[in-house]
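So you can see what is in the structure, the chains are spelled out below.
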Amino acid sequence: MVRFLFRKLGLFLLVFLGITFLSFCLTYLSPSDPAEIQLNKTGVAPTQELLEQTREEMGLNRPLLVRYGEWLAGLLRGEMGTSLRNGQPVAEELLEALPPTAILTAASMAVVLLLSVPVGILCARFQNGPLDLGVRFLTYFFASLPSFFLALAILYLFSLRLGWFSVIASGGVSGYVMPVAVLSLTLSAWYIRQVRSVVLTELSKDYIEGARARGVSEARILFSHVLKNSLLPILTLAGISLASMLGGTTIVENIFSIRGLGHLAMEAITARDYPVIQGYVVWMALAFLVVNFLVDLSYGLIDPRIRRGAENR
């Protein structure tokens with residue numbers, strides 16, 4: 001198990017360095033000049049001499065590997081540079097934008113799992129019945145709708161027509177109801193079908209027939225045996241969604257005016273704010289790597305066979 005952890009940690013570091021270096025290279029190769037952006041923001045005419053002086057002050061004239069090494073050393077100290085848009089430290093901007101995204105992610109994932117898992121199990125249990133056919137129709141319908149269309153439809157209905165919620169999201173609970181509904185409907189449409197498929201596979205196995213022959217109740221078979229053996233693929237899906245949403249749900253955040261990480265990333269891309277873009281890439285890489293690492297560790301807790309296999313490697 002210790003070797004398994006060290007191997008995962010080593011892979012974690014290699015992937016993180018690869019992602020950050022690749023993104024740093026892409027910003028380095030960008031045609032936009034950060035020095036020119038900085039001067040245009042101050043209203044100074046960017047003469048060639050002034051551009052060269054600004055590049056020297058910003059360290060843009062140094063080789064790529066030197067700049068990446070300096071940036072990486074600053075990252076280890078918790079420094080990600082300064083935003084070209086407003087002069088604020090990138091780390092502070094990310095921390096300010098994180099809470100709205102975290103709240104939106106946690107609420108949406110809770111609703112998705114509480115809705116999708118039992119509904120998916122029941123659809124598999126009553127395969128091709130009225131419940132299964134009705135839910136499958138709804139999941140195909142919501143899965144086919146683009147998230148921006150669903151968000152605008154919900155915004156129009158509940159804000160403009162019914163007046164239940166404000167068009168611009170507030171900081172309270174009511175400001176998250178509509179965006180959580182959009183994300184939950186979109187994700188649940190996918191999750192229910194996946195859970196149904198996994199449970200159907202489990203129900204076709206021989207141990208289910210054996211349990212029924214021994215007189216085990218259907219409820220116990222479904223929610224004790226089948227659900228337990230279906231946790232690994234469900235956990236994998238949840239991990240992927242969680243990591244992706246922690247990076248910000250750009251479309252939903254912009255439509256509902258939630259100033260989260262997705263909103264911040266869009267502003268940085270529009271303004272060619274490379275330090276913020278690089279900081280956002282670091283956060284996304286960390287979110288995916290940490291969540292995947294925790295999911296891998298949880299596999300061993302759920303399935304002892306995986307833990308024993310890791311210990312024998």
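Reading guide: rules and limits
Residues numbered from 1 in each chain as written. Predicted model: local features only at pLDDT ≥ 70, side-chain atom pairs only at ≥ 80, totals over all residues. Heavy atoms only, no water. Helix = DSSP H or I, 4+ residues; strand = E, 2+ residues; numbered from the N terminus. Buried < 20%, exposed > 50% of the residue type's maximum accessible area, 1.4 Å probe, protein only. Contact = heavy atoms within 4.5 Å. Areas by Shrake-Rupley, 256 points an atom, 1.4 Å probe, with all protein chains shown as cover. Axes fitted to C-alpha atoms, helices over the stretch in contact; angles between N-to-C directions. Parallel < 35°, antiparallel > 145°, perpendicular 65-115°, else oblique. Left-handed = near helix turned anticlockwise from the far one by under 90°. Nonpolar A, V, L, I, M, F, W, Y, C, P; charged D, E, K, R; others polar. Salt bridge = Lys/Arg side-chain N within 4 Å of Asp/Glu carboxyl O. Expected span 1.5 Å × (residues − 1). Arc of directions from axis to C-beta. Patch = residues over 30% accessible without salt bridge, like charges linked within 9 Å, V, L, I, M, F, W, Y side chains within 5 Å.

Draft legend 1. Examining the overall build of the protein chain more closely. Each helix and strand in the protein chain was counted, giving 15 helices and zero strands. Of all 313 residues assigned to the protein chain, the portion counted as buried reaches 40%. Within the protein chain, contacts between residues at least 6 apart in sequence are counted, and of these 72% link residues at least 24 apart. Total accessible area computed for the protein chain in this model is approximately 17,000 Å², and 67% of it derives from carbon and sulfur atoms.

Draft legend 2. Representation of the packing of helix 8 (residues 174-203) against helix 11 (residues 231-246). As a packed pair, helix 8 and helix 11 sit with axes 10 Å apart at the nearest point and diverge in direction by 160°. Overall, the two elements helix 8 and helix 11 adopt an arrangement that is roughly antiparallel. Judged by the sense of rotation from one axis to the other, the crossing of helix 8 with helix 11 is right-handed. Listed contacts from helix 11 to L183, L187, W190, Y191, Q194, V195 and V198 of helix 8 are P233, I234, L237, A238, S241 and M245. Grouping the amino acids of the contact of helix 8 with helix 11 by side-chain chemistry returns 11 nonpolar, two polar and no charged.

Draft legend 3. Representation of the environment of T82. Relative to the elements of secondary structure, T82 occurs in the loop between helix 4 (64-76) and helix 5 (90-125). T82 sits 197 residues away from G279 along the chain, and the two C-alpha atoms are 10.0 Å apart. Among residues more than four places away in sequence, those in contact with T82 are G87, Q88, P89, V90 and P275.

Draft legend 4. Broad picture of the pattern of salt bridges. This model, assessed by the stated rule, comprises four salt bridges. For R77, the salt bridge is made with E79, and the minimal N-O distance between the two is 3.4 Å. Take R77: its relative accessible area is 56%, and that puts it in the exposed class. Assessed through its relative accessible area of 44%, E79 is described here as partly exposed. Here E267 ties to R259 by a salt bridge, and the two come within 3.2 Å at their closest N and O atoms. One salt-bridge network, held together by shared partners, links D132, R136 and R196.

Draft legend 5. Highlighting unusual backbone geometry. Even without being glycine, N128 reaches a positive phi, approximately 65°. With respect to the element layout, N128 can be found in the loop between helix 5 and helix 6 (130-144). Although it is not a glycine, S257 adopts a positive phi angle of roughly 55°. In this structure, S257 sits in the loop between helix 12 (250-255) and helix 13 (261-270). Residue S257 is classed as partly exposed on the basis of its relative accessible area, which comes to 34%.

Draft legend 6. The arrangement of helix 10 (residues 218-229) in detail. The first and last C-alpha atoms of helix 10 sit 15 Å apart over 12 residues, in line with the 16 Å expected at 1.5 Å per residue. Among all positions in helix 10, only I221, L222, V226 and L227 are buried. Taken down its axis, helix 10 places every buried residue within 145° of arc, on the same side. Turned more than 90 degrees from where helix 10 packs its buried face, R220 and K228 sit exposed. Where helix 10 is buried, its residues meet helix 5, helix 8, helix 9 (206-213) and helix 11.

Draft legend 7. Structural detail: a nonpolar patch on the surface. On the surface, a nonpolar cluster with roughly 560 Å² of combined accessible area is contributed by Y156, L157, L160, L162 and W164. Tracing the backbone shows L160 in helix 7 (residues 147-161). For L160, a relative accessible area of 58% puts it in the exposed group.

So far we have only geometry, and geometry alone does not tell us how the molecule works.
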